[in-house]
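# Reading the structure
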Amino acid sequence: MSKHPLRTQKIAFFLLLVATLLIVVPVGLIVVVIIQKGWPAVNWQFLSEMPRQGMRAGGIFPAIVGTLYLVTGAILFALPIGLLAAVYLSEYAKDNILTRSIKLAIVNLAGVPSVVYGLFGLALFVVFFKFGASILSGSLTLGIMILPLIITASREALEAVPYSFREVSLSLGASKWQTIRHIVLPNAIPGIITGTILGLGRAAGETAPILFTVAAFYLPRLPQSVFDQAMALPYHLYVISTQVPNVDEKVRYGTALVLLSMVLFMNLVAIIIRYRFRKKKKW
Amino acid sequence: MVKFSVEALDIWFGKTQALKHVTMSVREKEILSVIGPSNSGKTSFLRMLNRFNEENPEFRMSGVVSMDGRDVRKIDRETLRRKIGMVFALPLPLPLSIFDNVAYGPRMHGERDNRRVAQIVERSLKQAFIWDEVKDRLHESAFKLSGGQQQRLCIGRTLAVGPEVILFDEPCSGLDPISTAKVEETMMILKKDYTIILVTNNVKQAARVGDRTAFFLSGELVELDATDKMFTAPSDKRTDDYIRGKFG
Ligand SMILES: Nc1ncnc2c1ncn2[C@@H]1O[C@H](COP(=O)(O)OP(=O)(O)OP(=O)(O)O)[C@@H](O)[C@H]1O
Ligand SMILES: [Mg+2]
């Protein structure tokens, strides 16, 4: 042991502080720069108008709408399926090798690069099911991408409900399904919602999965049906940053700021929901 | 009248044998105390009656447990558990209001009429001797009650289902002496209408409450006799040692 415990402690504290700052400072800088450079561009017209002059002027309304559609579609698909899968895996499936490998596979799927989901979506939804490049294909692709996230978060939420509650419910003659429906699920909702919203944030921000499946380069009108292509914020940002020459820096950072705000807003909602439920939690 | 009869029962959890060749019966409307040191199989025995052990994938058994002459495994679990209520060692309110805790059972069994549910709740809480303490705060969280009150609430919740038998698994292990006395008193009164099996770590409690007492040791039923007889003249040396506090 060191002869100077106090000094060792100070050094350790200093190193930990430096490590923390190394993470926090760059992230903070990115946010500051985006706000600083993007803020002047963001006004009502920017949010509510069609792009003009080859996307060098006007607004980003169709991209915002497209992203909202895609995220909504992804959740409509992924939440019910993910939740049912999670209930099955944590409440019904027997603990055997098959179940364990499925659980392991799902955890690992969450780490697969998003471009792989993009290719998968292209092959399955665009080509095989002939949905073409459309909101439907894009939503399903994003939905599949966030499924593992939703399943994992829901499973954790379900498994965090104390086993004793289930025993009490069963001991009162409730069936297994009644127990899940009336005791387990209501107490797992905050965790499920948090996982879902984090999934939403991920779906809103990814470019690669929508690249081949839905994203339109430039589409100065709103999509009319789920079989239409749509613009989307992350792809739009990519386009005006790399594909279109002479786009005002303000416009690019403004777009980034809108996307960032959407994602941060969703995360904030997740945090608030979790906090509110935790305060209400009674065990 | 025999309520339960257990014949040549052996059970295992994985490789551990938790009950060894147990044969015994429980009479209608008696209080049977079950005593024995830790890991002697008391809880495992109790959970045979309401088929709770079957929730464990490691569980295996041979032998027969029957209720009113019918093999419990031929009765579906929900029906069986409506007839056999269970009160756990720790007070375990559900994360609901006091009222909803008691209403939970009847509602799960299809009682939709709110007036009737309210009647059942009131009657059950009165039977558990906690009505006066909670009648003005029925819609508060059950977690706001004291430990002893929570345990009597749990008894009321069990009664609301309308059982014939109540299993108590060390119901006073987490309670202070005054709450313990109240719970014991409740059991003595319930005895008129229900068959009660009380697992307890507390030998004195078994002597105070039980009509008959069963002594388990390492999964074996060593002795089962009238409580007076068991505590004055046990027929097995090991029973004598245990109730004198020589081990366990
Ligand atoms: N779910 C289980 N899985 C594996 N083994 C179990 C399980 N439940 C009980 N056992 C084993 O069965 C034996 C009897 O346990 P049981 O819980 O019935 O004892 P007990 O008399 O109730 O003890 P205590 O006084 O500590 O509650 C023990 O050896 C225990 O390890
Ligand atoms: Mg026990």
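This text gives an overview of the structure that appears in the document. (Residues numbered from 1 in each chain as written. Chains lettered and ligands numbered in written order. Predicted model: local features only at pLDDT ≥ 70, side-chain atom pairs only at ≥ 80, totals over all residues. Heavy atoms only, no water.)

## Some words on the nonpolar core
- Residues B:Leu9, B:Phe45 and B:Ile197 are the most contacted members of the largest nonpolar core, which totals 102 residues.
- Top element by residues in this core is helix α6 (residues 135-159) of chain A. It accounts for 11 residues.
- Beyond its immediate sequence surroundings of up to four residues, B:Phe45 is in contact with B:Val6, B:Leu19, B:Met24, B:Val34, B:Ile197 and B:Phe216.
- Core analysis: the second largest hydrophobic core is formed by 32 residues, B:Leu125, B:Val134, B:Ala160 and B:Ile166 among them. (Core = buried A, V, L, I, M, F, W, Y, C linked by side-chain atoms within 4.5 Å. Buried < 20%, exposed > 50% of the residue type's maximum accessible area, 1.4 Å probe, protein only. Helix = DSSP H or I, 4+ residues; strand = E, 2+ residues; numbered from the N terminus. Contact = heavy atoms within 4.5 Å.)

## Some remarks on the interface of chain B and chain A
- Between chain B and chain A, the contact holds 21 residues from the first and 20 residues from the second.
- For the chain B face of the interface with chain A, the top three residues by lost area are B:Pro95, B:Tyr104 and B:Met108, together amounting to 31%.
- At the junction of chain B and chain A, the tally comes to 5 residue pairs in polar contact (both at pLDDT 80 or more).
- For the side of chain B that touches chain A, the element with the most residues is helix α2 (residues 77-83) of chain B, which contributes 3 residues. (Buried area = accessible area lost by both parts, 1.4 Å probe. Polar contact = N/O pair within 3.5 Å; in protein donor to acceptor, adjacent residues only side chain to side chain.)

## Observations concerning helix α7 (residues 177-190) of chain B
Residues and elements named next belong to chain B.
- Counted at 1.5 Å a residue, the expected span for α7 with its 14 residues is 20 Å, and the 20 Å between its end C-alpha atoms agrees.
- Among the residues of α7, those classed as buried are Ser 179, Thr 180, Val 183, Glu 184, Thr 186, Met 187 and Leu 190. Take α7 and look down its axis: the buried residues cluster within an arc of 155°, on one side only. Of the exposed residues in α7, those oriented more than 90 degrees away from the buried face are Pro 177, Ile 178 and Glu 185. (Expected span 1.5 Å × (residues − 1). Arc of directions from axis to C-beta.)

## Structural notes on the packing of aromatic side chains
- Inspection of the entire model under this criterion finds 10 aromatic pairs over all chains.
- Seen from their ring centres, A:Phe129 and A:Phe131 are 5.7 Å apart, and the 20° between their planes marks the pair as stacked.
- A relative accessible area of 42% means that A:Phe129 is categorised as partly exposed.
- Considering the side-chain rings of B:Phe215 and B:Tyr242, the 5.0 Å spacing of their centres and the 25° angle between planes classify their relative orientation as stacked. Here B:Tyr242 lies in helix α10 (residues 237-243) and B:Phe215 lies in strand β9 (residues 212-217), a separation of 27 residues in the sequence. Each member of the pair B:Phe215 and B:Tyr242 is classed as buried. (Phe/Tyr/Trp six-rings, centres within 6.5 Å; stacked < 30°, edge-to-face > 60°.)

## Here we look at the sheet that holds strand β1 (residues 2-13) of chain B
Residues and elements named next belong to chain B.
- The sheet built from 4 strands is open, its strands ordered β2-β1-β4-β5 with antiparallel pairing. Two strands close off the open sheet at either side, each with one partner strand: β2 (16-27) and β5 (70-71).
- Relative to β2, β1 runs antiparallel, the two being bridged by 8 bridges. Bridging across to β2, Ile 11 finds its partner in Leu 19.
- Lying over the sheet, helix α1 (residues 42-49) contacts β1, β2 and β4 (59-67), oriented at roughly 120° with respect to β1. (Pairing = 2+ DSSP bridges. Axes fitted to C-alpha atoms, helices over the stretch in contact; angles between N-to-C directions.)

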